[in-house]
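Chain and residue survey
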Amino acid sequence: MNDEPITARDRWIAAALAVAVFMILFVSERDLGVVWDEPVYTTSGERIVAWLRLLGDGLRRGDLSTALDPTAIGYSFGLGHEHPPLAKLASGLGWVLTRAWLPLPTAHRVGPMAISALLLGLIYWALRQAAVGRAAALIGGLAPLAMPRLFYHLHVAALDAPAATAWFLFVWAFWRLSEQRRWWAWLLPGGILGLALA
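This text gives an overview of the structure that appears in the document. Note that the structure is predicted; figures quoted are calculated from it, not measured.

Quick notes on the overall build of the protein
Summing up its helical and strand segments, the protein has 9 helices and 0 strands in all. Traced from its N-terminal end to its C-terminal end, the protein shows the element sequence α-α-α-α-α-α-α-α-α. When its C-alpha atoms are laid out on the principal axes, the protein stretches across 60 × 50 × 25 Å. Relative to its 198 residues, the protein shows a buried fraction of 40%. Residue pairs at least 24 apart in sequence account for 72% of intrachain contacts in the protein once pairs closer than 6 positions are excluded. Here the protein displays about 11,100 Å² of accessible surface, and carbon together with sulfur accounts for 69% of that area.

Here's what the structure looks like:
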């Protein structure tokens, strides 16, 4: 335990850590092979993004029949039923934003790498909230990069790192709000748990 108070500087450190981790993942991704399930998740991500376009077009026209057609939903969401689907959406959004200038599979991995970087920044922040000193919290936030298998999974467009991030967010929110006696304090952890399980 440490008596060093949390300040705005810690928010900047957490954000800088997340950005630095993203850059580390981005520059080291090029030499990594594709995992066996990554093509399924990246294709699912592309289809989910295409369905969101259909939904947006339908909302603009005032006609959702195309987007809500069972065939369109089955095609867009039926390729892989693994959870969390938000990880596949992150892959699809990263692909849409970067496909013009990044090669595959890097374009599909940008979203999941951003989620991984967020996780490591949040680890630093959670450790600071647990009264751990800055140096120890920084080491804790960087420690996953020293684990070869985890380092690999922080890069790829698979579900491991996004699922770990969702579970970490749930436990963190539960811990931070567990002493609240108000009913609304349980909505956030419950919502995050839903995202982790969905």
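Notes on the nonpolar core
Membership of the largest hydrophobic core comes to 18 residues, with the highest contact counts inside it found for Val21, Leu25, Leu120, Tyr124, Leu145, Leu154 and Trp172. When residues in this core are grouped by element, the largest group, 9 residues, is from helix H5 (residues 106-129). Those residues in contact with Leu25, other than ones at most four positions away along the chain, are Met113, Ser116, Ala117, Leu145, Phe151, Leu154 and His155. Among the nonpolar cores identified, the runner-up in size contains 6 residues, and Tyr41, Ala87, Ala158 and Leu159 belong to it.

Quick notes on helix H9 (residues 187-197)
Turning to H9, its buried residues number three or more, namely Pro189, Ile192 and Ala196. Relative to the axis of H9, the buried residues are bounded by an arc of 65 degrees and lie together on one face. Structural note: H9 exposes Leu187 and Leu197 on the side pointing more than 90 degrees away from its buried face. In the core, the buried residues of H9 are packed alongside helix H8 (160-177).

Points about the environment of Gly33
Its location among the elements puts Gly33 in the loop between helix H1 (8-28) and helix H2 (38-61). When neighbours within four sequence positions are excluded, Gly33 is seen to be in contact with Glu38, Arg109, Tyr152 and Val156.

Some details on the side chain of Lys88
Positionally, Lys88 belongs in helix H4 (residues 85-98). The contact partners of Lys88, leaving out residues within four places of it in the chain, are Tyr41, Ser44, Gly45, Ile48, Gly80, His81, Glu82 and Leu159.

A short note on the packing of H1 against helix H6 (residues 134-142)
In a packed pair of helices, the relevant descriptors are the angle between the two axes and the axis-to-axis distance. Put simply, H1 and H6 touch, their axes get as near as 11 Å, and they point 25 degrees apart. On the basis of their axis angle, the class for H1 and H6 is roughly parallel. As for how H1 packs across H6, the hand of that crossing is right-handed. Residues Arg9, Asp10, Ile13, Leu17 and Val21 of H1 form the contact with H6, whose own contacting residues are Arg134, Leu138, Gly141 and Leu142. By residue class, the composition of the contact of H1 with H6 is 5 nonpolar, 1 polar and 3 charged.

Focus: the packing of aromatic side chains
One pass over the full model with this rule turns up 5 aromatic pairs. Between Trp167 and Phe170, the ring centres sit 6.0 Å apart and the planes meet at 85 degrees, which makes this aromatic pair edge-to-face. Placement of the pair is Trp167 and Phe170 together in helix H8, with a separation of 3 residues, close to one helical turn. With relative accessibility at 37%, the residue Trp167 sits in the partly exposed group. Geometry around Tyr75 places Arg47 over its ring, the cationic atom sitting 4.0 Å from the centre. Above the plane of the ring of Trp175 lies Arg176, whose end atom (NZ or CZ) is 4.8 Å from the centre.

What counts and how
- Residues numbered from 1 in each chain as written.
- Predicted model: local features only at pLDDT ≥ 70, side-chain atom pairs only at ≥ 80, totals over all residues.
- Heavy atoms only, no water.
- Helix = DSSP H or I, 4+ residues; strand = E, 2+ residues; numbered from the N terminus.
- Buried < 20%, exposed > 50% of the residue type's maximum accessible area, 1.4 Å probe, protein only.
- Contact = heavy atoms within 4.5 Å.
- Areas by Shrake-Rupley, 256 points an atom, 1.4 Å probe, with all protein chains shown as cover.
- Core = buried A, V, L, I, M, F, W, Y, C linked by side-chain atoms within 4.5 Å.
- Arc of directions from axis to C-beta.
- Axes fitted to C-alpha atoms, helices over the stretch in contact; angles between N-to-C directions.
- Parallel < 35°, antiparallel > 145°, perpendicular 65-115°, else oblique.
- Left-handed = near helix turned anticlockwise from the far one by under 90°.
- Nonpolar A, V, L, I, M, F, W, Y, C, P; charged D, E, K, R; others polar.
- Phe/Tyr/Trp six-rings, centres within 6.5 Å; stacked < 30°, edge-to-face > 60°.
- Lys NZ or Arg CZ within 6 Å of the ring centre and 35° of its normal.

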